[in-house]
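Structural characterization, general
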Amino acid sequence: MAENEQKVVIDGTEYALSSLSQEAKAQITNLRVVENEIAQLKARLAIATTAKIAYQHALKNALPVDTH
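Quick caveat: nothing in here was measured; it's all calculated off a predicted structure. (Residues numbered from 1 in each chain as written. Predicted model: local features only at pLDDT ≥ 70, side-chain atom pairs only at ≥ 80, totals over all residues. Heavy atoms only, no water.)

As for the overall build of the chain
- Of regular secondary structure, the chain possesses one helix and two strands.
- For a compact globule of 68 residues, the expected C-alpha radius of gyration is about 11 Å, and the chain comes in at 24 Å, more than 25% above that figure.
- Taken as a whole, the chain presents about 6200 Å² of accessible surface, with 58% of it coming from carbon and sulfur.
- Taking the 7 positively charged and 8 negatively charged side chains of the chain as two groups, their mean positions are separated by 9 Å. (Helix = DSSP H or I, 4+ residues; strand = E, 2+ residues; numbered from the N terminus. Rg over C-alpha atoms; globule rule 2.2 N^0.38 Å. Areas by Shrake-Rupley, 256 points an atom, 1.4 Å probe, with all protein chains shown as cover. Lys, Arg positive; Asp, Glu negative; His and termini not counted. Charge placed at Lys NZ, Arg CZ, Asp CG, Glu CD.)

What follows is the structure in structure tokens.
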């Protein structure tokens, strides 16, 4: 393995990217794409959760005050 060769660690074992089959490289690409999608979904969920909290606060402020 050359010093500057790209490597990937899978289940604790390091592999030279150039030594992997096209199928393995395709699966690595698929994993990277889905990991990126998961990160984007987590960010969207955080935004939605923040909006939900703001709407809950706005609702509480819009409710009539109990004077009992």
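Examining the pairing of strand β2 (residues 13–16)
- Note that strand β1 (residues 7–10) and β2 share four bridges and pair antiparallel. Its bridge partner being in β2, Ile10 is matched across the sheet by Thr13.
- Between the end of β1 and the start of β2, which pair antiparallel, lie two residues, with Asp11 showing a positive phi angle near 50 degrees. (Pairing = 2+ DSSP bridges.)

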